[in-house]
Amino acid sequence: MSVTTIASFHCTSVHQPHFTYHMPNKNIAIIGGGAAGCFAAIHIKTLCPTADVTVYEGGSRLLAKVAITGGGRCNLTNSFNEVKSMETAYPRGARLMKRLMRQFDHHATCQWFEQAGVPLVTQDDQCVFPASQDAMQIVHTLQQRMAKLQVKVKTGHRLSDIEDMGENYLLHFDNAHTTEATLVLVTTGGCSSKSLQMLAHLHLDIVTPVASLFSFCLPQHPIRNLMGTVVNEVGASITGTKMRASGPLLITHWGLSGPAILKLSAYGAQYLHEHNYQADIAINWCGGRNAEEVAAELHKMAVDNPQKQLQNIYPTYFTNALWVHLLDECKLRRDMRWAEMGRKGLNRLTETLTNHHFHINGKNRFKDEFVTCGGVALSNVKANTLECVKHPRLFFAGEVLDVDAITGGFNLQAAWTMGYVAAKSMGEEYEKLTR
């Protein structure tokens, strides 16, 4: 993990003579119109109706990422029923999330959206979606609430620099607009090292951002011919490490994807980046079954079907095409009788089924749901409020912090939680300033 301190830099776009200048009176600026920023704006205005709150979004519309998450259905949280420890859901930031969720957890998220008129459903995999299965319902709900509360929105405003002026913060945007704000919340989402240069004048510790949640490329590997094949439960691990994940696996035309692989990419994000996305992984095609259990299952098949060909008798959790491919991988003839396989053949097949090795060569971005690990180091913020330690009245929330999660609604839950906590803290600070 690489932690650096961003130093001052020169940006020609922020020191133009024609910029507009506005001197506010105890106003609040939220940088980033994603899930965390919009949710925070709603809660600040709910707590402090008279506050002047403006959301500055670099793109052309708010909540663009929310609109596409969950395949356009918006997996907005998780039941957490199958989460054994926070670390399994949040590879980075687990301790912080555990603390913050005492203030606003997944139950509170569900309650908030349902009270806002969004019925929710929880799937068998514990992912929570709007019953409409339409992410735009979440987007419209948040936008309508912001409009009702009179939150100001300025799109096309990408922050390029922020300066601590003592009583206020001076905000420079790429469009040459400059303004001041007394309270600032930065929620710019997953950032690159280049985009984090906007924080240069603050001299914060930064963990170098790298990709998380990506699928694995297997150039020229014959398993790619089985694209579209899904195995409902596999175990996946990065060899030589303790990193492992489980869940469904999808074979694609470029390699391996699906929840098990995406989880593993999150756990191994830093490791894989450091190794230039070249690594060996092992797949247990039999899910939670160990080698002894699989060997016993295969032995029973041999006893029950001695004259049947290997290609025709196989565990029900395999497709015929995948089963035949695995037979080829361990060099067993497809037309061999089960009685002919012998102990060595059974051991070879067991090893392939439970410890199948692949060499990954590159990553592939997962749809448009780009997630990064890294960002503003957690040492920069107070754990209960998300206020910056070095700069009073400056707050951070969402993926701009070094917090990220596996798939399943956990990243959005982090956004709702941190947006709420930052808003509550900022609301309290605003009340103090305006008494």
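As a reminder, the structure under discussion sits directly above these lines.
All values reported here derive from a predicted model rather than from experimental measurement.

**Q** Which residues make up the sheet that holds strand β8 (residues 159–164), and what values go with them?
**A** With respect to topology, three strands assemble into an open sheet ordered β8-β9-β10, the strand pairing being antiparallel. Both edges of this open sheet fall to β8 and β10 (178–181), since each of them pairs with a single strand only. Taken pair by pair, the neighbouring strands of this sheet meet at an average axis angle of 20°, ignoring direction.

**Q** Describe helix α5 (residues 106–115), naming the residues involved and giving the relevant values.
**A** When α5 is considered as a whole, its buried residues turn out to be His106, Ala108, Thr109, Cys110, Trp112 and Phe113. Looking at where α5 begins, the residue whose side-chain oxygen comes 3.1 Å from the main-chain nitrogen of His107 is Asp105. Just downstream of α5, Gly117 is the residue with a positive phi angle, here 95°.

**Q** Just give me the short version of the packing of helix α1 (residues 35–47) against helix α6 (residues 135–148), but keep the residues and values in it.
**A** Contact geometry for α1 and α6: axes closest at 9 Å, N-to-C directions at 35°. You can see that α1 and α6 cross each other, and the crossing is left-handed. Residues Cys38, Phe39 and Ile42 of α1 touch α6, and the partners they reach there are Leu142, Arg145 and Met146. For the contact of α1 with α6, the class distribution of residues is five nonpolar, no polar and one charged.

**Q** Outline the sheet that holds strand β4 (residues 77–78), listing residues and values.
**A** Read across the open sheet, the three strands follow the order β4-β6-β5; overall the sheet is antiparallel. Where the open sheet ends on each side, the last strands, each with one partner, are β4 and β5 (120–122). Relative to strand β6 (residues 127–130), β5 runs antiparallel, the two sharing three bridges. The residue bridging Leu120 from the neighbouring strand is Pro130, located in β6.

Each value, and the rule that gives it
- Residues numbered from 1 in each chain as written.
- Predicted model: local features only at pLDDT ≥ 70, side-chain atom pairs only at ≥ 80, totals over all residues.
- Heavy atoms only, no water.
- Pairing = 2+ DSSP bridges.
- Helix = DSSP H or I, 4+ residues; strand = E, 2+ residues; numbered from the N terminus.
- Axes fitted to C-alpha atoms, helices over the stretch in contact; angles between N-to-C directions.
- Buried < 20%, exposed > 50% of the residue type's maximum accessible area, 1.4 Å probe, protein only.
- Polar contact = N/O pair within 3.5 Å; in protein donor to acceptor, adjacent residues only side chain to side chain.
- Left-handed = near helix turned anticlockwise from the far one by under 90°.
- Contact = heavy atoms within 4.5 Å.
- Nonpolar A, V, L, I, M, F, W, Y, C, P; charged D, E, K, R; others polar.

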